[in-house]
Amino acid sequence: MRPFTPRLLRRKPPIRMQPAAQWRRSLHLAPPFLLDDYMPRYMMMSSVDSAMKRSRAYAHLRNCNLCPRECGVNRYETTGMCLIGDTAKVNVIAPHFGEEPCVQGHNGSGSVFFSMCNLRCSFCQNHDISHQRNGMDLTPEELGDWFIKLQQVGSVHNINLITPEHVVPQVALAILHAKDNGLRVPVIYNTSAYDSLASLELLDGLVDIYLPDFKLWEPASTKRLLKAEDYAATARESIKAMQAQVGDLCFTPDGIAKKGLLVRHLVMPGYEAEGEIIMRFLAEEVSKDCFVNIMEQYHPDAHVGKPKRRSKKGSEAEEITDDVRYADINRAVTQEEISTVRKAAEKAGLWRFCDPPKHDGFNL
Ligand code: SF4
């Protein structure tokens, strides 16, 4: 007698198994991006190399050409365009929970917000810190001691240096000091990407994760909105140098990023075409496995939307007009603009994105 087989079961199509390589590529944590364990790069630096880094850091402070502004000043005596001398000015030091899930984890990212910046973005979302000298002055040794406090008291997953382009020698000296005093967590260099190659060379071996923005592409746009016509050309070279140092972003099995490159792009209203070009550049000239965060949170800030002032004829007094500054970016981004950049990224072959979790748990 034939065994009974329910009709529905018989009609059910066979389950097709996906090839292993296909499902592995959809996971950020899959090999080759998974590390068994991780030791920060500064831990592997010899005492000779550490001494050479220290001496180069002091030399840079005495003749500062560390960012593309190339002021050439002695920062022990005066300041350049960034208005910061030989001590770093720090606004906030604390565990921070506003970063990517793989960076902040469960305990937070040990964030150090530096005051001032070498760019002057008209829309800066942190302008109260980056356009104004606002905070406490710390020597490299004091800064390094704070790294240790963040590790010991805050149990943070990493030290996250935010807007550090103009204090690279101080940061290098602080990492070396903290290493000698027990620092053991990875270091993140969280930058606008307006860095010089000399400055990235000084950081080689000290930084584990590079977290650059790539803001805009066209020189006319960067001149108007960032006050740096050479921004995109500089960012292209900087990001390629960062990738050469640390490679693609890698994680330990707990989902925390430990080493590699994570690029952020803030979608700007009306500038989605430049975002598309940036995505193609990342895929073609950096890596198809580049981890990218396409950010949607732009809002008008800093100088955007402020009333324009006009000088009265024959008088020194200023008149406030009804017009606003940077009116074209005085709005939030649309869903369509965000999706245009995302589609361009996928079309270019990028696939590792910082997406919100598709489940109720943490996106780790
Ligand atoms: S870091 Fe400051 S002083 Fe040095 S080149 Fe840049 S803006 Fe000038």
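What you see is a predicted model; the values in this text were computed from it and never measured. (Residues numbered from 1 in each chain as written. Predicted model: local features only at pLDDT ≥ 70, side-chain atom pairs only at ≥ 80, totals over all residues.)

**Remarks on the nonpolar core**
Rule in force here: By our criterion, buried Ala, Val, Leu, Ile, Met, Phe, Trp, Tyr and Cys residues that link up through C-beta atoms within 7 Å make up a nonpolar core. Exposed residues have 12 or fewer other C-beta atoms within 10 Å of their own C-beta, buried residues have 20 or more, and residues in between are partly exposed; the C-beta atoms are placed from the backbone. Only DSSP runs of H or I with at least four residues qualify as helices, and only runs of E with at least two residues qualify as strands; both kinds are numbered from the N terminus onward.
If you look at the biggest cluster of nonpolar residues, it comprises 96 residues, and the most contacted ones within it are Ala 172, Ile 175, Val 187 and Leu 282. No other element matches the eight residues that helix α7 (residues 168-180) contributes to this core.

**Let's talk about the packing of helix α3 (residues 47-62) against α7**
Two numbers describe a pair of packed helices, the interaxial angle and the distance between the axes. Let me state the cut-off plainly: All axes here are fitted lines through C-alpha atoms, helices being fitted over the stretch that makes contact, and every angle between N-to-C directions spans 0 to 180 degrees. Orientation is classified from the angle alone, with under 35 degrees giving roughly parallel, over 145 giving roughly antiparallel, 65 to 115 giving roughly perpendicular, and any other angle giving oblique. The handedness criterion is simple: a crossing whose near helix is rotated anticlockwise from the far helix by less than a right angle is left-handed, and one whose near helix is rotated clockwise is right-handed. A residue pair is marked as a contact if its C-beta atoms, positioned from the backbone, fall within 7 Å. Following the grouping adopted for this structure description, the nonpolar residues are Ala, Val, Leu, Ile, Met, Phe, Trp, Tyr, Cys and Pro, the charged ones are Asp, Glu, Lys and Arg, and the polar ones are all others, Gly among them.
Closest axis-to-axis distance for the α3/α7 pair is 9 Å, and the angle between their directions is 155°. By the angle between their directions, the pair α3 and α7 is classed as roughly antiparallel. Crossing angle aside, the handedness with which α3 passes α7 is left-handed. Note on element contacts: α7 touches α3 through Pro 169, Ala 172, Leu 173 and Leu 176, opposite Ser 50, Lys 53, Arg 54, Ala 57, His 60 and Leu 61. Of the residues contributing to the contact of α3 with α7, the split by class is six nonpolar, two polar and two charged.

**Things to note about helix α10 (residues 231-246)**
Short version of the rule: What a helix is expected to span follows from its residue count: subtract one and scale by 1.5 Å.
With 16 residues, α10 extends 22 Å from end C-alpha to end C-alpha; this agrees with the ideal 22 Å at 1.5 Å per step. On its buried face, α10 sits against α8 (197-203), β6 (209-212), α9 (219-225), β8 (257-266) and α11 (272-286). Gly 247 lies just past α10 and shows a positive phi near 75°.

**Let's talk about the UniProt feature "binding site: [4Fe-4S] cluster" (unreviewed entry) in the protein chain**
Our working definition: UniProt positions are given in the numbering used here, feature names are shortened, and annotations may be inferred rather than shown by experiment.
The UniProt entry lists Cys 117, Cys 121 and Cys 124 under the feature "binding site: [4Fe-4S] cluster" (unreviewed entry), expressed in the numbering used here. Checked against the element boundaries, Cys 117 lands in the loop between β2 (109-114) and α5 (127-130). When neighbours within four sequence positions are excluded, Cys 117 is seen to be in contact with Cys 82, Ser 130, Thr 163 and His 166. Note on placement: Cys 124 falls in the loop between β2 and α5. Every residue in contact with Cys 124, bar those within four places of it in the chain, is listed here: Ser 130, His 131, Asp 301 and Ala 302.

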